[in-house]
2 protein chains.
Amino acid sequence: MEYIEEIRQFKEQIKFSEDKKFDVNLESFKNIVISGMGGSGIVGNIVKDLYSNKPVVVINDYNIPNFVDNSTLFVAVSYSGNTEETISSTEQAIKKGAKVLAITSGGKLKEIVKDSIIIPSSFQPRAALGYMAIPILNTLGVSDKNQLNELYELLSELDSNHDEFDNIAKEIFEGKKIPVIYGVPPYFSVSYRWKTQFNENAKVIAYSSNFSELNHNDTMALKETYRKRLFYFICLHDGLDQRIEKRISITQNLTKVNFKLIKAKGSTFFVREFYLIHVGDWVTYSLALLRNKDPENVRLIEKLKKELEKS
Amino acid sequence: MEYIEEIRQFKEQIKFSEDKKFDVNLESFKNIVISGMGGSGIVGNIVKDLYSNKPVVVINDYNIPNFVDNSTLFVAVSYSGNTEETISSTEQAIKKGAKVLAITSGGKLKEIVKDSIIIPSSFQPRAALGYMAIPILNTLGVSDKNQLNELYELLSELDSNHDEFDNIAKEIFEGKKIPVIYGVPPYFSVSYRWKTQFNENAKVIAYSSNFSELNHNDTMALKETYRKRLFYFICLHDGLDQRIEKRISITQNLTKVNFKLIKAKGSTFFVREFYLIHVGDWVTYSLALLRNKDPENVRLIEKLKKELEKS
């Protein structure tokens with residue numbers, strides 16, 4: 001499948017995953033640990049944004065926290081099933097007696113975790129987010145058929161018309177700007193997902209932060225930093241939280257920086273989170289094309305993994 | 001006190017805090033939530049790096065997670081005691097029946113939390129890190145007198161000779177570079193602390209990430225990003241984790257980017273974490289002076305808080 005088709009296929013993943021969930025009794029666990037890296041690792045952060053009935057600890061590393069034991073629900077997310085950090089953390093969790101679940105297309109993870117949801121292979125991991133995230137969110141009761149249907153409609157609309165967002169890529173391209181993406185609560189992981197998509201799709205350095213934390217540090221740089229004209233500021237918001245909206249507007253006034261405001265659509269946090277994520281998929285895809293870079297290509301990451309395997 | 005004296009005073013805060021701890025029975029709690037913003041909020045991230053016997057969830061927001069209840073140990077950190085996000089989250093935690101502790105120099109937080117450790121006032125919050133972090137780390141059994149003594153010696157050495165690190169500031173200044181700070185496990189919060197110090201002390205935009213997560217996204221941008229020459233890459237490491245060291249070296253080779261490597265000193269994670277933090281204090285202070293910016297001044301943040309109070 002062409003990479004652009006993988007992006008368009010995101011909404012179909014939502015539909016495909018409608019009934020997918022783990023058969024697990026949540027009541028019996030004190031905490032949830034989600035392990036993964038990069039395009040798979042973002043799943044843990046998304047879960048943390050949307051679910052807080054139990055402590056959720058996200059691991060992007062080889063090692064697991066000491067507290068992991070048989071009261072822990074441990075979810076390993078690795079699209080390939082061979083991510084070395086995730087394999088390492090999962091083996092540790094198994095040893096500690098945690099209840100271990102996995103979402104993967106195969107690989108070693110499928111072999112070591114009995115309780116796995118196997119998803120279609122041959123996608124770029126970052127383009128398989130629906131397959132990876134929805135089963136966990138279904139299991140936790142965050143997503144349901146109504147929300148998934150609403151999201152499907154919104155994503156279809158977006159796929160058929162994203163000119164407005166392609167223009168953002170155009171502005172970034174024309175000024176060779178460095179994208180800075182700001183998010184708002186509770187969509188903390190969305191600005192980071194955009195950053196990683198700028199990296200992997202468009203091959204540009206980007207950075208992300210969130211309100212209101214950025215008001216305690218970034219704000220001091222926004223007015224006086226050198227290279228100020230080189231940054232392109234995007235702010236992802238929902239227009240609903242009046243205190244945060246106030247912060248966005250005061251920050252722009254005081255620092256004389258204009259944010260490109262992108263407003264979420266949807267009736268719930270879940271729907272809005274995924275809508276905002278998919279807008280970023282298109283902006284970063286468009287930037288890749290403008291830069292004449294193959295948005296699918298992540299050969300450097302694959303090369304790095306091979307170099308690591310040698311040693 | 002002059003701001004440079006506040007930085008030099010960091011080591012004295014270590015000594016001052018030697019016996020400070022909360023009188024609390026850790027056994028009775030299932031999880032720990034630490035709430036704070038900016039220069040105070042980093043304390044939660046530092047605790048999370050160094051303590052993992054229980055799930056630690058860090059809040060940089062107005063709201064607390066649903067799971068907070070009487071099995072939660074909730075620690076509010078606000079240097080001024082008047083940070084609106086922290087007051088809001090603390091009031092919610094009190095309502096939910098959590099055991100609430102606070103570290104503050106006064107303000108509203110002192111009034112609403114009986115069980116507070118009151119620390120000296122009149123510092124910049126980011127220059128009071130020792131006062132804020134050590135009592136919690138003592139309480140959790142992470143720090144002890146031996147380590148605090150070792151840290152004191154290392155910080156004294158650093159304060160009396162930081163020419164090597166001032167040179168980093170000089171290189172950044174001369175090229176008007178955008179600092180990018182990479183960290184390694186388990187010092188995840190240190191690269192972020194550096195970023196915030198670049199923002200608040202030197203008034204420049206900066207961004208941070210950590211190994212090995214950055215190998216799954218940033219790496220794709222490092223080779224091909226435009227504006228590549230404008231970035232200055234710093235990598236904070238400890239030289240101990242062979243897999244991570246390998247990653248650092250392969251990443252540099254594949255992307256043709258040179259990292260300014262800064263190696264931690266100290267015999268434990270705790271000592272190395274605070275040593276690396278303090279190196280960043282000096283680099284960012286030096287950059288402020290070179291840029292002719294007052295490193296202490298954060299008037300824009302104060303102005304923003306006043307604007308918010310009006311509304």
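Residues numbered from 1 in each chain as written. Chains lettered and ligands numbered in written order. Predicted model: local features only at pLDDT ≥ 70, side-chain atom pairs only at ≥ 80, totals over all residues. Heavy atoms only, no water.

1. A closer look at the side chain of S209 of chain A
Residues and elements named next belong to chain A. We apply this condition: A run of H or I in DSSP becomes a helix once it reaches four residues, and a run of E becomes a strand once it reaches two; helices and strands are each numbered from the N terminus. Summary of the burial criterion: residues with accessible area below 20% of their type's maximum are buried, those above 50% are exposed, and those between are partly exposed, where the area comes from a 1.4 Å probe applied to protein chains only. Contacts were defined at the residue level, with two residues in contact if any of their heavy atoms lie within 4.5 Å.
You can see S209 is positioned in strand β7 (residues 207-210). Using a relative accessible area of 8% as the deciding quantity, one classes S209 as buried. The residues touching S209, leaving out its near neighbours within four places in the chain, are I181, Y182, G183, S191 and L214.

2. Some words on the domain arrangement of chain A
All names here are of chain A. Using the following cut-off: As used throughout, domain bounds are those supplied by an automatic or database domain assignment. Two parts placed together each lose some accessible area under a 1.4 Å probe, and adding up what both lose gives the buried area.
The assigned domain composition of chain A is domain 1 (3-143) and domain 2 (164-290). Spacing between the C-alpha centres of domain 1 and domain 2 amounts to 26 Å. Across the contact, 17 residues belong to domain 1 and 19 residues belong to domain 2. Here domain 1 meets domain 2 over a buried area of about 1,700 Å², counting both sides, of which 70% is carbon and sulfur. Of all residues in domain 1, I7, D49 and R126 give up the largest surface area on contact with domain 2, accounting jointly for 37% of the area buried on that side.

3. Here we look at the interface of chain B and chain A
Accessible area lost upon the coming together of the parts is a frequently used measure of interface size. Inclusion rule: By definition here, a salt bridge exists when the distance from a side-chain nitrogen of Lys or Arg to a carboxyl oxygen of Asp or Glu is within 4 Å.
On the chain A side, the residues contacting the 78 residues of chain B number 78 residues. Of the roughly 7,200 Å² buried between chain B and chain A on both sides combined, carbon and sulfur atoms contribute 63%. Sorting the residues of chain B by area buried against chain A places I205, M220 and Y226 of chain B first, and these three jointly supply 12% of that buried surface. Linking chain B with chain A are 10 salt bridges.

4. Remarks on helix α13 (residues 299-310) of chain A
How we decide: The span one expects for a helix is its residue count, reduced by one, times 1.5 Å. Starting at the helix axis, one direction is taken to each C-beta atom, and the arc is that of these directions.
In a regular helix each residue adds 1.5 Å, so 12 residues correspond to 16 Å; α13 of chain A covers 17 Å between its end C-alpha atoms and thus fits that length. All of the buried residues along α13 of chain A are L300, I301, L304 and L308 of chain A. Summarising the axial view, the buried residues of α13 of chain A lie within an arc of 100°, below the 170-degree limit, and thus occupy one face. Across α13 of chain A from its buried face, at more than 90 degrees, point the exposed residues R299, K306, E309 and K310 of chain A. Here the buried face of α13 of chain A lies against α4 (84-95) and α9 (188-200) of chain A together with α10 (218-224) and α11 (242-255) of chain B.

5. Concerning the environment of N82 of chain A
All names here are of chain A. Inspection of the secondary structure assignment puts N82 in the loop between β3 (72-77) and α4. Sequence-wise, N82 and N63 are 19 residues apart; in three dimensions their C-alpha atoms are separated by 16 Å. Contacts of N82, omitting those with residues within four sequence positions, involve I87, G107 and K108.

6. Thoughts on the relation of the copies chain B and chain A
Just so we agree on the cut-off: Residues reaching a pLDDT of at least 70 in both copies supply the C-alpha atoms on which the copies are superposed by least squares.
Mapping chain B onto chain A calls for a screw motion: a turn of 180° about the axis and a shift of 0.0 Å along it, with 0.0 Å RMSD after fitting. Those values place the two copies in the arrangement expected of a two-fold rotation axis. With an isologous cut-off of 70% or more, the 100% of interface residues of chain B that recur at the interface of chain A puts this contact in the isologous class.

7. Observations concerning the pairing of strand β6 (residues 178-183) of chain A
Residues and elements named next belong to chain A. Let me state the cut-off plainly: Paired strands, in this sense, are two strands between which DSSP finds at least two bridges. We call a crossover right-handed when, viewed with the strands running away from us, the connection from the first strand over the helix to the second turns clockwise.
Across the 6 residues that make up β6, a large majority, 6, are buried. By the alternation rule, side chains of β6 split into I178, V180 and Y182 and P179, I181 and G183, which are all buried. Where β6 meets strand β8 (residues 231-237), 5 bridges bridge the pair, whose relative direction is parallel. Paired with I178 across the bridge in β8 is F231. Where β6 meets β7, 4 bridges bridge the pair, whose relative direction is parallel. By the bridge assignment for β7, I181 is matched with S208. At this point the chain moves from β6, through α9, to the parallel β7, and the crossover so formed is right-handed.

8. Points about the sheet that holds strand β9 (residues 260-263) of chain B
All names here are of chain B. As a reminder, the rule being used: Here an angle of 0 to 180 degrees is reported between the N-to-C directions of two axes, which are lines fitted to C-alpha atoms, with helices fitted over the stretch in contact.
In space, the 4 strands of this open sheet follow the order β7-β6-β8-β9, with parallel pairing throughout. The open sheet has two free edges, formed respectively by β7 (207-210) and β9, since each of these has just one partner strand. Pairwise comparison of adjacent strand axes, ignoring direction, gives a mean angle of 20° for this sheet. Packed onto the sheet, helix α8 (residues 163-174) meets β6 (178-183), β8 (231-237) and β9 and runs at close to 155° relative to β8.

9. Section: the pattern of salt bridges
Residue and element names in this part refer to chain A. Evaluated as defined, the whole model comprises 30 salt bridges over all chains. One salt bridge in this structure joins K145 and D19, with 3.2 Å as the shortest N-O distance. Here K145 is found in helix α7 (residues 145-160), whereas its partner D19 is found in the loop between α2 (10-16) and β1 (31-35), with 126 residues between them in sequence. Looking at K145, the relative accessible area reads 43%, which means it is partly exposed. Residue class for D19 comes out exposed when judged on its relative accessible area of 57%. Its salt-bridge partner being D281, residue R193 comes within 3.0 Å of it at the nearest N-O pair. Residue R193 is found in helix α9, and its partner D281 is found in helix α12 (residues 269-290); the two are separated by 88 residues along the sequence. Each member of the pair, R193 together with D281, is buried.

10. Description of unusual backbone geometry
Geometrically, the link from F211 of chain A to S212 of chain A is a cis peptide bond, its omega value of -5° lying close to zero. Even without being glycine, S122 of chain B reaches a positive phi, approximately 75°. When you line up the elements, S122 of chain B lands in the loop between β5 (116-118) and α6 (129-139). For R227 of chain B, which is not glycine, the phi torsion reads 65° and is therefore positive. Looking at where R227 of chain B falls in the secondary structure, it is placed in the loop between α10 and β8.

11. A few points about the packing of aromatic side chains
All names here are of chain B. Selection criterion: Side-chain rings of Phe, Tyr and Trp (the six-membered ring for Trp) are treated as a pair once their centres are within 6.5 Å; stacked means planes under 30 degrees apart, edge-to-face means over 60, and tilted covers the remaining angles.
In the structure shown here, the tally under the stated rule is 29 aromatic pairs over all chains. Here Y3 and Y285 contribute two aromatic rings whose centre-to-centre distance is 6.3 Å and whose plane-to-plane angle is 40°, an arrangement assigned as tilted. Residue Y3 is found in helix α1 (residues 3-8), and its partner Y285 is found in helix α12 (residues 269-290); the two are separated by 282 residues along the sequence. Here Y3 and Y285 have matching classes, each one buried.

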